[in-house]
Amino acid sequence: MNGSLRWRIILTLVVLLLGAAYVLPSLPSVQKTALSRFLPEDKISLGLDLKGGIHLTLGVDVKKALDNTLVRVGDDLRAVARDEGVMVLKPKVLGGDKLEAILLKKEQQQALEEILEKQFNYLNVESKVDAQGGKIKYVFTPSPEYKKFFAKQTLDQAVKTIRNRIDEFGVSEPDIRKQQSSNRILVQLPGLNDPERAIKIIGKTAHLEFKMVDDSVDMAKAEKGLIPPGRELTVIRHRLADGSYSEKPIVVRSEAVLTGDYITDAQTRFDQFNQPYVSMSFNGRGGKIFERITGENVKKRMAIVLDGKVYSAPVIQDRISGGKASITGSFSTDEAHDLAIVLRAGSLPAPVKILEQRTVGPSLGQESISKGVTAAVVGSALVLIFMLVYYGFAGLVADIVLVINVLLILAGLAAFGATLTLPGLAGIILTIGMAVDANVIIFERIREEIRRGLTARAAVGEGYSRATLTILDANLTTVIAAVILYQFGTGPVRGFAVTLTLGIVSSMFTAIFVSRILFDLYNSKRAADAPLSI
Amino acid sequence: MGLHIIKPDTRIDFIGSKGKAFILSAVLILLGIGSLMIKGGPKYGIDFAGGMVVQVKFDQQVTVKTLKAALQGVDLPGLVVQSFGQADDNEVLIRTSESGISSSVLRERLNSALKTNLKNTGFDIQRLEMVGPKVGADLRTKAIEALYYAVLLIAIYISGRFEQRWFAAAIMAAVLAGGIFVLQLFGVPTTYLIFAALVITLGCCWYLKLNYALGAIVALIHDVLITVGIFSMLDKEFDLTIIAALLTIIGYSLNDTIIVFDRIRENIRSKTGDNFADSINISINQTLSRTLLTSGTTLLVVIALFVLGGGVIHDFALALLIGIGVGTYSSIFVASPVLIGFGPGSSDAEIPVESA
């Protein structure tokens, strides 16, 4: 055995050991044993299509959130201007991210523009028109940089809120990531058996407001659309004995006296009739506001509004101090529990919409795995037998490296933390068929060289050196296809691209490098001119 | 010596039969395109068209007809019921073009309809997928883009590797980028843009005499077109996994083509054969065993996948099966003759000579 061969064997053994170390933790029979302590922790994670679970694509309505924010910006602008003695009418939000503000006195134009420059530099003046009575009508739009910043911030906060909610809900290994370019969020929740409930929790905006009820408005008129300014018509829901809900109209003041932003904690509790309710704690500032409002509005009704719907509208009996409040609505226990989760986790900065949803039951996942594995075993067995029959000893070499190849693919999946999906499984099976290709190219070349009269040993050397470049060329194009697949693909398709790439790389290593070692070992024991079984 | 499927001294005149091969390919492609035109384009699955699909497993046999009757009253537009997987699985797919309702509403509607109309049959909703129209359109654009980028990068790679003409390849990329930019200025939709880009790529390859790239690209477009055509004729749906299959076919077809090209290049350098056509013929014959063996082993596993892999992967395996078959044929009968038609055969002086 010469020196180069010894080093090649050592290198191969190291790679094999590494491969085994990464594959073993994924085997259930190894996981519980003492051996597992010495192995890496990376396991092959199964995709949702193999394990069961939910995949969601959520669209975040950044535009809506921006409009909401512009309302607040408008109020700020007016307040700041008033402090400086500049009179501005209450600004309005127009469609398409525009804010309209009317300056009452033309001579204050300079002062207003200084305020804008100093404190609202993210607003661009789109138009400035003289109106009747010496007024000036301004239309502002947020600067593109601000819009970009705002979109990023909104998305980040939405991801954080959703993550909080899912953590509270108790899903192991959730995967939540944002797609900045399209204002979308991808959520993957493996192994969940109540998808609908999880979807509801994620999608709830959970925008909590406290608004005063106006009982002086005539309901009949209100329902026809005759509502005094500053009031709005909404519905209050009642849970009926059979678990369904009825809704009744109610008129509230548009302006919220307090919002859910001040909540520090929310819990499910039960009253003396064993009815669930949600108890909330406010932070210091929220507690003070709540105390003041309740003090000012004794004997009036206060509506608790969540996402535009009134949950309950209790009569305030007395000033409430201590920063605690409760939503006594009419819930089922699960509902109260879920409501507490979303209140605790905070509200979403913008409404989200489910754009794509894929739910796979765990039983289907099991079935997919077992069928995939059967196909892989049968397919590989056929290939192994065929190679052995067709090439004899050389076929045995090809078979050995094929097994190593599969081991390395699995190890690669574990080491890179890639997810094995159903198409990924198909990718492995396909790779098994294609993996022998490199060996076939080499063997056919060796056969040609032997026919030309070379000795076995020389033919092996010539065959390998001539075939190597061909194999590299041919496989690189497949890698290009796989890389593009990875770039554009989502979920399962990416899994396929990863396994395909891993398969190609490891098959090149095993077919060019490892199988050569086996030939060299075989030839080194025999006479230089002994015939080769190929 | 082991077995041989192809005798070592085989001399089949592949180039001589290029006329027949051309007719066969043209017929297959035209049939496919005809089928696509009659059916108004590819039949998109919910991945690309948007909509909802529910896979339901019953505890006893339920015919599609009974099920359709049972779901009659359900308010779902474009409702399609089809059996799925093996007959004894008792599984069906229920599709609707609706994507505006929530999955819980859909579950509820199906549950109540099945419970009232199929009283004694137990069932289990195994899979539910919803894709909104916006996401579907995005995925469609991305899929076409992916196919296109694969072709472009491969064209550049082959031109560089086989003809040492990285500069020409760069010109091609530049022309392409310029062309796309101009078309984008006129607001041409992405789908047409991609087709325009493919035509530009082919035109560039032809004009710049990037023959190997031209041959490889013609072969892979051939394979993709035929696979898509056969899928359309079989009334199969296109979804994301089929795109994955098509890209794999592209990779496989090229793999095959390049191995033949590699041998052609080698034989031209060592002046094997009387002329260019003869060199090509010799090269194809020399690599024929390998082509058939590799296709054989790959087909073995794909057939295993097709028969045993289960319903979800069935169409994916079918696409691979067709693609690998066609890819093998095209690397022998399509890619190499293209070299003759436009290639260095017209004047021997143009034979690319370089050191590897």
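Residues numbered from 1 in each chain as written. Chains lettered and ligands numbered in written order. Predicted model: local features only at pLDDT ≥ 70, side-chain atom pairs only at ≥ 80, totals over all residues. Heavy atoms only, no water.

Colleague: Is there a simple way to explain the overall build of chain B in this structure?
Modeller: Secondary structure assignment for chain B yields 12 helices and four strands. With the C-alpha coordinates of chain B rotated into their principal frame, the extents come out at 80 × 60 × 30 Å. Excluding contacts between residues fewer than 6 apart, the proportion of contacts in chain B whose partners are at least 24 apart in sequence is 76%. By element, 63% of the accessible surface of chain B is carried by carbon and sulfur atoms, the whole surface being about 15100 Å². Averaged over its 27 positive side-chain charges, chain B has a centre that lies 2 Å from the centre of its 28 negative ones. (Helix = DSSP H or I, 4+ residues; strand = E, 2+ residues; numbered from the N terminus. Contact = heavy atoms within 4.5 Å. Areas by Shrake-Rupley, 256 points an atom, 1.4 Å probe, with all protein chains shown as cover. Lys, Arg positive; Asp, Glu negative; His and termini not counted. Charge placed at Lys NZ, Arg CZ, Asp CG, Glu CD.)

Colleague: Looking at this structure, how should I read the interface of chain A and chain B?
Modeller: How big an interface is tends to be stated in terms of the accessible area lost upon association of its parts. The interface of chain A with chain B comprises 66 residues on the first partner and 74 residues on the second. Between chain A and chain B the total buried area reaches about 6000 Å² when both faces are included, carbon and sulfur atoms providing 64% of it. If you look at where chain A meets chain B, you find nine salt bridges. Across the pair Glu266(B) and Arg466(A) runs a salt bridge whose closest N-O atoms are separated by 2.5 Å. When contributions to the side of chain A that touches chain B are tallied by element, the ones reaching two or more residues are helix 7 (195-203), strand 18 (352-360), helix 11 (362-391), helix 13 (422-451), helix 14 (456-488) and helix 15 (491-524) of chain A. Ranked by the residues each element gives to the side of chain A that touches chain B, the list is headed by helix 13 of chain A, at 18 residues. (Buried area = accessible area lost by both parts, 1.4 Å probe. Salt bridge = Lys/Arg side-chain N within 4 Å of Asp/Glu carboxyl O.)

Colleague: Help me understand a nonpolar patch on the surface, please; the structure alone is not making it clear to me.
Modeller: Residue and element names in this part refer to chain B. A cluster of nonpolar side chains, namely Phe22, Ile23, Val27, Leu31 and Met233, defines an oily patch on the protein surface of about 500 Å² accessible area. Looking at which element gives the most residues to the nonpolar patch, the answer is helix 1 (residues 18-38), with four residues. By the element assignment, Leu31 lies in helix 1. (Patch = residues over 30% accessible without salt bridge, like charges linked within 9 Å, V, L, I, M, F, W, Y side chains within 5 Å.)

Colleague: Please clarify how the packing of helix 10 (residues 276-308) of chain B against helix 11 (residues 311-333) of chain B should be interpreted in this entry.
Modeller: A pair of packed helices is characterised by two quantities: the angle between their axes and the separation of those axes. Residues and elements named next belong to chain B. Interaxial distance between helix 10 and helix 11 falls to 10 Å at its minimum, and their mutual angle equals 170°. As the angle between them shows, helix 10 and helix 11 are arranged roughly antiparallel. Residues Ile284, Leu288, Thr291, Ser295, Thr298, Leu299, Val302, Ile303, Leu305 and Phe306 of helix 10 pack against Ile313, His314, Ala317, Leu318, Leu320, Leu321, Ile324, Thr328, Ser331 and Ile332 of helix 11. Broken down by class, the residue content of the contact of helix 10 with helix 11 amounts to 14 nonpolar, six polar and no charged. (Axes fitted to C-alpha atoms, helices over the stretch in contact; angles between N-to-C directions. Parallel < 35°, antiparallel > 145°, perpendicular 65-115°, else oblique. Nonpolar A, V, L, I, M, F, W, Y, C, P; charged D, E, K, R; others polar.)

Colleague: Help me understand unusual backbone geometry in this model?
Modeller: Note: most peptide bonds trans; most residues except glycine with negative phi. The phi dihedral of Asn183(A) is positive, around 55°, even though this residue is not glycine. Tracing the chain through its elements places Asn183(A) in the loop between strand 7 (175-179) and strand 8 (184-190). For Asp235(B), which is not glycine, the phi dihedral falls at a positive 65°. Summarising the element assignment, Asp235(B) is placed in the loop between helix 8 (211-233) and helix 9 (240-269). The exposure class of Asp235(B) is partly exposed, given its relative accessible area of 42%. (Buried < 20%, exposed > 50% of the residue type's maximum accessible area, 1.4 Å probe, protein only.)

Colleague: Can you walk me through the sheet that holds strand 7 of chain A in this structure?
Modeller: Sheet strands pair via backbone hydrogen bonds, and the direction of the pair is either parallel or antiparallel. Taken in spatial order, the eight strands line up as 7(A)-8(A)-2(A)-18(A)-4(B)-1(B)-3(B)-2(B) in an open sheet, and their pairing is antiparallel. Every interior strand has two partners, whereas the edge strands, strand 7 of chain A together with strand 2 (80-84) of chain B, have only one. Mean inter-strand twist for the sheet, computed between neighbouring axes without regard to direction, equals 20°. In this fold helix 6 (residues 144-169) of chain A packs onto strand 2 (53-60), strand 7 and strand 8 of chain A, with an angle of close to 170° to the strand it touches most, strand 7 of chain A. Contacting strand 18 of chain A together with strand 1 (51-58), strand 3 (91-96) and strand 4 (123-131) of chain B, helix 11 of chain A runs over the sheet at an angle of about 90° to strand 4 of chain B. (Pairing = 2+ DSSP bridges.)

Colleague: Would you mind going over the nonpolar core with me for this structure?
Modeller: A general trend in soluble globular proteins is that nonpolar side chains are found buried together. Formed by 140 residues in total, the largest nonpolar core has its most connected members in Tyr391(A), Phe443(A), Phe519(A), Ile158(B), Leu247(B) and Ile264(B). In terms of residues, this core owes the most to one element, helix 9 of chain B, which gives 17 residues. Listed in part, the 29 residues of the second largest apolar core include Leu208(A), Leu258(A), Leu306(A) and Tyr311(A). (Core = buried A, V, L, I, M, F, W, Y, C linked by side-chain atoms within 4.5 Å.)

Colleague: Please clarify how the packing of aromatic side chains should be interpreted in this entry.
Modeller: The geometry of an aromatic ring pair comes down to the distance between the two centres and the angle between the two planes. Inspection of every chain in the model, using the stated rule, returns 22 aromatic pairs over all chains. Measuring from ring centre to ring centre gives 5.8 Å for Phe443(A) and Phe519(A), while their planes differ by 80°; the resulting arrangement is edge-to-face. Residue Phe443(A) is located in helix 13, and its partner Phe519(A) is located in helix 15; the two are separated by 76 residues in the primary sequence. With relative accessibility at 0%, the residue Phe519(A) sits in the buried group. Residues Tyr464(A) and Phe519(A) carry aromatic rings whose centres are separated by 6.1 Å and whose planes lie at 70° to one another, so their mutual orientation is edge-to-face. Pair noted here: Tyr464(A) is in helix 14 and Phe519(A) is in helix 15, with a separation of 55 residues, a long-range link. Judged by its relative accessible area of 2%, Tyr464(A) falls in the buried class. Ring pairing ties together the aromatic residues Phe386(A), Tyr390(A), Tyr391(A), Phe393(A), Phe443(A), Tyr464(A), Phe519(A) and Tyr522(A), which thus form one cluster. The ring of Tyr44(B) carries Arg140(B) above its face, with NZ or CZ at 5.2 Å from the centroid. (Phe/Tyr/Trp six-rings, centres within 6.5 Å; stacked < 30°, edge-to-face > 60°. Lys NZ or Arg CZ within 6 Å of the ring centre and 35° of its normal.)

Colleague: What's the story with the pairing of strand 3 of chain B in this structure? I'm lost.
Modeller: Regular strands place side chains that alternate from one sheet face to the opposite one. Residues and elements named next belong to chain B. Summarising burial for strand 3: six of the six residues are buried, a large majority. On strand 3, burial covers both faces: Glu91, Leu93 and Arg95 on one face and Val92, Ile94 and Thr96 on the other are all buried. Where strand 1 lies against strand 3, six bridges are found, and the strand directions are antiparallel. What sits directly across from Val54, in strand 3, is Ile94.

Colleague: Please explain the packing of helix 14 of chain A against helix 9 of chain B as it appears in this structure.
Modeller: At a minimum axis distance of 9 Å, the contact between helix 14 of chain A and helix 9 of chain B shows a crossing angle of 160°. By the angle between their directions, the pair helix 14 of chain A and helix 9 of chain B is classed as roughly antiparallel. Between helix 14 of chain A and helix 9 of chain B the crossing geometry is right-handed. Between helix 14 of chain A and helix 9 of chain B, the residues in contact are Arg466(A), Thr470(A), Asp473(A), Ala474(A), Asn475(A), Thr477(A), Thr478(A), Ala481(A), Leu485(A) and Phe488(A) and Ile243(B), Ala244(B), Leu247(B), Gly251(B), Leu254(B), Asn255(B), Ile258(B), Ile259(B), Asp262(B), Arg265(B) and Glu266(B), respectively. (Left-handed = near helix turned anticlockwise from the far one by under 90°.)

Colleague: Explain the side chain of Glu196(A) here, please?
Modeller: Take Glu196(A): it is sitting in helix 7. Judged by relative accessible area, which is 14%, Glu196(A) ranks as buried. Among the polar contacts listed, one links the side chain of Glu196(A) to the backbone nitrogen of Ser104(B), at a separation of 3.2 Å. Residues contacting Glu196(A), with those up to four places away along its chain left out, are Ser103(B), Ser104(B) and Arg107(B). (Polar contact = N/O pair within 3.5 Å; in protein donor to acceptor, adjacent residues only side chain to side chain.)

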